[in-house]
Amino acid sequence: MTDLQIIVPVFNEQEVVDLFYEKMKQVFQTCDADWTILFVDDGSTDGTVKHIEFLQHKDKRVGYLTLSRNFGKEYALTAGLDYADAEVVVVIDVDLQDPPELIPEMLDLWHEGYDVVYATRNEREGETYMKKATASWFYRIINSMSKISIPKDTGDYRLMDMKAVRALRKLRESNRFMKGLFAWVGYKQKAIYFDRKKRVAGSTKWNFRKLFSFAVDGITSFSYMPLRFATWIGVSVALFAFLYGCFIIVKTLIFGNDLPGYPSLMVVILFLGGIQLMALGVIGEYLGRLFEENKRRPLYLIDKFEPPEK
Ligand code: UDP
Ligand code: MG
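Heads up: these notes are all about the structure in this document.

What counts, and at which threshold
- Residues numbered from 1 in each chain as written.
- Chains lettered and ligands numbered in written order.
- Predicted model: local features only at pLDDT ≥ 70, side-chain atom pairs only at ≥ 80, totals over all residues.
- Heavy atoms only, no water.
- Helix = DSSP H or I, 4+ residues; strand = E, 2+ residues; numbered from the N terminus.
- Buried < 20%, exposed > 50% of the residue type's maximum accessible area, 1.4 Å probe, protein only.
- Contact = heavy atoms within 4.5 Å.
- Salt bridge = Lys/Arg side-chain N within 4 Å of Asp/Glu carboxyl O.
- Phe/Tyr/Trp six-rings, centres within 6.5 Å; stacked < 30°, edge-to-face > 60°.

### Some thoughts on the overall build of the protein chain
- Within the protein chain, the regular secondary structure consists of 10 helices and eight strands.
- The principal-axis extent of the C-alpha atoms belonging to the protein chain is close to 90 × 40 × 35 Å.
- Within the protein chain, buried positions represent 45% of all 310 residues.
- Here the analysis covers contacts within the protein chain between residues at least 6 apart in sequence; of these, 83% occur between residues at least 24 apart.

### Considering the environment of Val-88
- With respect to the helices and strands, the residue Val-88 is situated in strand β4 (residues 88–91).
- We classify Val-88 as buried; its relative accessible area is 0%.
- Along the sequence, Val-88 and Asp-3 sit 85 residues apart, while their C-alpha atoms lie 6.4 Å from each other.
- Not counting the four nearest positions on each side in its chain, Val-88 is found in contact with Thr-2, Asp-3, Leu-4, Gln-5, Leu-107, Trp-110, Leu-159 and Met-160.

### Describing the pattern of salt bridges
- Tallying each qualifying case throughout the model produces 10 salt bridges.
- Its salt-bridge partner being Asp-156, residue Lys-73 comes within 3.0 Å of it at the nearest N-O pair. In this pair, Lys-73 sits in helix α3 (residues 73–83) while Asp-156 sits in strand β6 (residues 154–161), placing the two residues 83 residues apart along the sequence.
- Between Lys-163 and Asp-115 there is a salt bridge, and its shortest N-O distance comes to 3.4 Å. One end of the pair, Lys-163, is in helix α6 (residues 162–169); the other, Asp-115, is in the loop between α4 (103–111) and β5 (116–124), with 48 residues separating them in the sequence.
- Within the structure, one salt-bridge network assembled from shared partners comprises Lys-73, Asp-93 and Asp-156.

### Quick look at the packing of aromatic side chains
- Enumeration over the complete set of coordinates arrives at 10 aromatic pairs.
- Here Tyr-83 and Phe-305 contribute two aromatic rings whose centre-to-centre distance is 4.9 Å and whose plane-to-plane angle is 65°, an arrangement assigned as edge-to-face. Of the two residues, Tyr-83 sits in helix α3 while Phe-305 sits in strand β8 (residues 302–306), which places them 222 residues apart along the sequence.
- Classification of Tyr-83 by relative accessible area gives partly exposed; the value is 31%.
- By relative accessible area, Phe-305 is classed as partly exposed at 33%.
- Each residue in the set Phe-138, Tyr-139, Phe-177 and Phe-214 is aromatic and connected to the rest through ring pairs, giving one cluster.

This is the structure:
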């Protein structure tokens, strides 16, 4: 039988851990696999860990890992993948927005020889128009800018062969844009499609500010395009300024200086100042990330590890 481990990051999810566990039990009744669950508690401050401990008491197939504080989902996932121990690993959210019913289908594809099977959503139920539109722009921008292609509307929900997990473990960058890292490792990948549901309970931990910084992280860790773009703008503005300078010299030589051009001067100064600041900002984004990487801090710290029993 296939040895399968489910990795679930959880952060303040006491309302859903039990539901999640029940659902898993139900799904695996029809699926031919030896399954275990590894919860990764990302510094929850509510009763999440208590609920998990209780589950572990009842069922030894449940194990958990607690981090020393809230590091964020990407780091919790990284910890889970580092401690995963099975032939096949499934990464899933605890809120049941990713339908666990897909796991048997994913497993079938794994048996057919695919190393990574990821779930792509057709419809984003219960999300605002704004979130859908920004998500779609984001994928368009990042894919036109970076060399590896990141599948659209695909979250972290996926099944991975241990081979791919081992490859992921080698990527230790501290700026962790998981969607990009998953795509970067390659191997035989396959998409399956589903309709994304609303959360069963609890609330989302994302807000616009977090999503924006997530997008900037994604772009800067997979593309130098913004830097190159700043260079292009600089070059074209300089070229334009040179041509305009020639024009003014010729004009002054022929017609003389009629009126000191205060407004045009102001416009040019402000325009150039704005562009310079923007370019500096872009450089700053990369410099900041370089600084972060250079510190080589551990990606997360473990408080407690209770492995599941097979
Ligand atoms: N999560 C986490 N750490 C965080 C935020 C979220 O481990 O700092 C977990 C959360 O418990 C859930 C998953 O990541 O299992 C997805 O979070 P959420 O549902 O808030 O994101 P969304 O589905 O809205 O993208
Ligand atoms: Mg969710």
